[in-house]
Amino acid sequence: MYLIGSVIGAGFVLLACLARREEGNLLRKISIYLYKKGCIHKSPLLNAHHVQKDLESLHPGQSGLLLQGEYYMQKIRLLLLVLGVGTLLGVAARVGADMEGSLTDCGELMRPSPGEGEQQVKLRAWLEGERLGDLTVAVPERQLDRQEAQELYERFWEAWEREALGDNPSWDQVSLPLTLAEELEGYPFAVSWESSDYEVLGRNGTIHAAQMPAPVTLTVESRYLEDCWQEELELLVVSRPLEGMELLTAQVLDAYHQAEQADPNRDRVPLPEKLGQSKLSWQEVKENHSLVLMLMTAATAAGVFLLQDRDLHRQVLKRRERMKENYPMVVNKFILYLGAGMPIRRAFQKIAQDYRRGQWGEKQPLYEEMLLACNRLQAGISESQVYEMWAARTGLQDCARLSTMLVQNLKKGNAALLVRMKEEGDRALQDDLNLRRKKGEEAGTRLLAPMVMMMAIVMVLVMIPAFQSFGI
């Protein structure tokens, strides 16, 4: 994880040095530099044609190249921000995991301070270079003196004995592992125990008997402050034999427990260095999620970079939908003005000027495109070319038909223009009606899920009292 963080950090430093001549803050400098390099090499990730087209549709009258450059530089800045923050979080997670470790360089486990409770530590053991596996050991907190509570001990012992027996029928027929709890909820007693034969009954209650039945004496010591109670349980244990790695693992765990119980008042637990004549080494298994966090960061950054184009195109589609809603009104105004004897150019400009003087609350994209077309008319561009460009920018089939009628009337003249306009108006009104009906049906479908949930809640509220009245 430190290597990944170092590589990404070095990459940021290198990019910052290469982009030092650009303008703006650090992220903007780097994004400008990367965008320029991508444009020089014509990277498909930074030169998508459909993105430029969508941006020109969303921002009438502005340069598509400039819009595309600013859009991609913003995407690069967001990508760098996600990578930087994710890398910092990943390194911080790794540092936190290293700092929270309990195993010191001296081969000792740090014991929790009084009041912090027991700590579970995952260890990995090697015996003469051979890995034994992962062991989870309990590191109790440093013990303090306690006061007497004799009135609770009898009830505590009955509860502890019942829980320790577990699923075994009796102490004379112990065939399943014992549940040897160090404490019980509601009782302030600390419990320790000793087995007369650890090869038969381990310290954690596991069965290691090589022969069966095997009698074992379990000595249980209960402490509360300065007071101590001892009980002896005579067990008849039935167990399967342990062999190979399983026996070695049990022996290593018993060796740890012996080392831990040797001096419970120490701040540290010395780990055994030998098992018999063989050397024993340890390594703590730490919870380290830094790599997962880095992978999630990379996936998030890639998703943010790639999905922004889809969101941009969704804005374009939403804009076209609003244009389609404005189209019937535009056609009807054309019919009104042309019927009053107004020429096509004057009618087009009149519709745009009425929109500019009106109070719409928010911008209407179809009328905004008409204002842009009027500016082109005033700039001297031919009328037919302006109508064709207006239809192309809207991207609507309806506007394309309207533009065709207007251009044909300009080039060849068309006495039936007003009749065709009325037919187009009727078609536009019918399409608008169908569109609104479709939206209503979609809204009803979306409301179906919460209605079903509310119905389920009502049914539960009605059926529960009914079942209770019948005693079910």
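Remember, it's a predicted structure, so these values are computed and weren't measured experimentally.

(A) A look at the overall build of the protein chain. When helices and strands are counted, the protein chain shows 13 helices and nine strands. Going through the 472 residues of the protein chain one by one, you find that 37% of them count as buried. Taking contacts inside the protein chain between residues at least 6 apart in sequence as the whole, the part at least 24 apart equals 63%.

(B) Examining the nonpolar core more closely. Among the nonpolar cores identified, the biggest contains 34 residues, and Phe 334, Phe 348, Met 370, Trp 390, Leu 402 and Met 421 are the most heavily contacted of them. No other element matches helix α7 (residues 290-339), which puts eight residues into this core. Other than its neighbours up to four places away in sequence, Leu 402 contacts Tyr 327, Phe 334, Trp 390 and Met 421. The next biggest cluster of nonpolar side chains, apart from the first, holds 28 residues, and it includes Ala 164, Val 200, Ile 207 and Leu 233.

(C) Seen up close, the environment of Val 407. Structurally, the position occupied by Val 407 is in helix α11 (residues 397-411). Residues Val 407 and Ser 384, 23 residues apart in the sequence, show an inter-C-alpha distance of 5.2 Å. Apart from residues lying up to four places away in sequence, Val 407 is in contact with Ser 384, Tyr 387 and Glu 388.

(D) Focus on the confidence of the model for the protein chain. In the predicted model, the protein chain carries a mean pLDDT of 79, and the fraction of residues at 70 or more is 88%. The low-confidence segment residues 144-148 (pLDDT under 50) makes 14 contacts with residues lying over four places distant or belonging to another chain.

(E) Structural view of the pairing of strand β5 (residues 214-224). Where strand β4 (residues 190-195) and β5 come together, six bridges link them in antiparallel fashion. Across the sheet, Ser 195 pairs through a bridge with Leu 218, a residue of β5. By the bridge criterion, 11 bridges tie β5 to strand β6 (residues 227-237) in an arrangement that is antiparallel. Paired with Pro 215 across the bridge in β6 is Leu 236.

(F) Here's a closer look at a nonpolar patch on the surface. On the surface, Met 455, Val 458, Met 459, Val 462, Met 463 and Phe 467 cluster together into a nonpolar patch covering about 580 Å² of accessible area. With respect to the helices and strands, the residue Val 462 is situated in helix α13 (residues 448-469).

(G) Quick peek at the packing of α11 against helix α12 (residues 417-446). The interhelical angle for the contact between α11 and α12, taken along N-to-C directions, is 175 degrees, at an axis separation of 11 Å. It follows from the interaxial angle that α11 and α12 lie roughly antiparallel. Counting all contacts with α11, which are made through Asp 398, Arg 401, Leu 402, Met 405, Leu 406, Gln 408 and Asn 409, the residues of α12 involved are Leu 417, Arg 420, Met 421, Glu 424, Arg 427 and Asp 431.

(H) Broad picture of helix α10 (residues 383-394). For α10, spanning 12 residues, the distance from its first C-alpha to its last is 17 Å, which sits close to the expected 16 Å at 1.5 Å a residue. Of the residues making up α10, those classed as buried are Glu 383, Ser 384, Val 386, Tyr 387, Trp 390, Ala 391, Arg 393 and Thr 394. Backbone geometry just downstream of α10 places Gly 395 in the positive-phi region, at approximately 75 degrees.

(I) Local environment of the side chain of Glu 369. Assignment of secondary structure puts Glu 369 in helix α9 (residues 365-378). You can call Glu 369 buried: its relative accessible area is 2%. Looking at Glu 369, its side chain comes within polar contact range of the side chain of Arg 319, at 2.8 Å. Once residues lying within four places of it in the same chain are set aside, the contact partners of Glu 369 are Ser 57, Pro 60, Arg 319, Met 323, Trp 390, Arg 393 and Thr 394.

(J) Expanded view of the sheet that holds β5. What the three strands build is an open sheet, ordered β4-β5-β6; its pairing is antiparallel. The two strands at the open ends of the sheet, each matched to only one other strand, are β4 and β6. On average, each strand axis in the sheet is tilted by 20 degrees relative to the strand beside it, whichever way the strands run.

(K) Structural view of the packing of α7 against α12. α12 packs onto α7 with a crossing angle of 155 degrees between their chain directions and a minimal axis gap of 9 Å. The orientation of α7 relative to α12 falls into the category roughly antiparallel. Crossing hand, α7 versus α12: left-handed. Along the contact surface, α7 presents Glu 321, Glu 325, Tyr 327, Pro 328, Val 331, Asn 332, Phe 334, Ile 335, Leu 338 and Gly 339, while α12 presents Leu 417, Leu 418, Met 421, Lys 422, Glu 424, Gly 425, Ala 428, Leu 429, Asp 432, Leu 435 and Lys 439. Considered class by class, the residues forming the contact of α7 with α12 number 12 nonpolar, three polar and six charged.

(L) Just the packing of aromatic side chains, in detail. Inspection of the entire model under this criterion finds six aromatic pairs. Considering the side-chain rings of Tyr 71 and Tyr 72, the 5.4 Å spacing of their centres and the 65 degrees angle between planes classify their relative orientation as edge-to-face. You can call Tyr 71 buried: its relative accessible area is 11%. Judged by centre distance (5.5 Å) and plane angle (15 degrees), the rings of Trp 157 and Trp 160 are stacked. Separated by three residues within a single helix, Trp 157 and Trp 160 lie in helix α5 (residues 150-165), roughly one turn from each other. As far as the burial class goes, Trp 157 and Trp 160 line up, both buried. One aromatic cluster is present, formed by Phe 334, Phe 348, Tyr 387 and Trp 390 through successive ring pairs.

(M) Broad picture of the pattern of salt bridges. Going through the model one piece at a time under the given rule, you end up with 16 salt bridges. For Asp 311, the salt bridge goes to Arg 314, with nearest N and O atoms at 4.0 Å. One end of the pair, Asp 311, and the other, Arg 314, are both in helix α7, three residues apart, so they sit about a helical turn from each other. Overall, the relative accessible area of 35% leaves Asp 311 in the partly exposed class. Here Asp 432 ties to Arg 436 by a salt bridge, and the two come within 2.9 Å at their closest N and O atoms. Highlighted residues: Asp 432 and Arg 436, both in helix α12, separated by four residues, approximately one helical turn. Taking the relative accessible area as the measure of exposure, Asp 432 reaches 15% and is therefore buried.

(N) Main features of the environment of Met 389. With respect to the secondary-structure elements, Met 389 resides in helix α10. Given the relative accessible area of 27%, Met 389 is considered partly exposed. Along the chain, Met 389 and Ser 403 lie 14 residues apart, while their C-alpha atoms are 9.1 Å from each other.

Rules behind the numbers
- Here, residues in each chain are numbered from 1, in the same order as that chain's written sequence.
- Confidence filtering applies because this is a predicted model: local features only for residues at pLDDT of at least 70, side-chain atom pairs given and counted only at 80 or more, and all residues used for totals across whole chains, interfaces and linings.
- Water and hydrogen atoms play no part in the side-chain values, which are based on all heavy atoms of the structure.
- Only DSSP runs of H or I covering at least 4 residues are called helices, and only runs of E covering at least 2 are called strands; the numbering of each starts at the N terminus.
- Accessible area is worked out with a 1.4 Å probe on protein chains only. A residue is then buried under 20% of its type maximum, exposed over 50%, and partly exposed in between.
- Note on contacts: a residue pair is in contact if any heavy atoms of the two residues lie within 4.5 Å.
- In this description, a nonpolar core means a group of buried Ala, Val, Leu, Ile, Met, Phe, Trp, Tyr and Cys residues linked to one another through side-chain atoms lying within 4.5 Å.
- Confidence of the predictor at the level of single residues is given by pLDDT, which spans 0 to 100.
- Strands are treated as partners if at least two bridges between them are detected by DSSP.
- Exposure above 30% relative accessible area and the absence of a salt bridge qualify a residue for a patch, where like charges join within 9 Å and nonpolar side chains (Val, Leu, Ile, Met, Phe, Trp, Tyr) within 5 Å.
- Reported accessibility uses the Shrake-Rupley method at a 1.4 Å probe radius. Residues are deemed covered only where the shown protein chains occlude them.
- By salt bridge we mean one thing: a side-chain nitrogen of Lys or Arg within 4 Å of a carboxyl oxygen of Asp or Glu.
- Where helices are involved, their axes are fitted lines through C-alpha atoms of the stretch in contact, as for all axes, and angles between N-to-C directions lie from 0 to 180°.
- Angle categories are assigned with fixed cut-offs, so that under 35 degrees is roughly parallel, over 145 is roughly antiparallel, 65 to 115 is roughly perpendicular, and the rest are oblique.
- Helix span, expected: 1.5 Å multiplied by one less than the number of residues in the helix.
- Polar contacts, as counted here, are pairs of nitrogen or oxygen atoms within 3.5 Å of one another; within protein the pair requires one atom able to donate a hydrogen and one able to accept it, and residues that are adjacent in sequence qualify only if both atoms are side-chain atoms.
- Working rule for handedness: look at the near helix, and if it is turned counterclockwise from the far one by less than a right angle, call the crossing left-handed; if clockwise, right-handed.
- Under the convention adopted here, Pro, Cys and the residues Ala, Val, Leu, Ile, Met, Phe, Trp and Tyr are nonpolar, Asp, Glu, Lys and Arg are charged, and Gly plus all remaining residues are polar.
- Between 30 and 60 degrees the pair is tilted, below 30 it is stacked and above 60 it is edge-to-face, where a pair is any two Phe, Tyr or Trp rings, Trp via its six-membered ring, whose centres lie within 6.5 Å.

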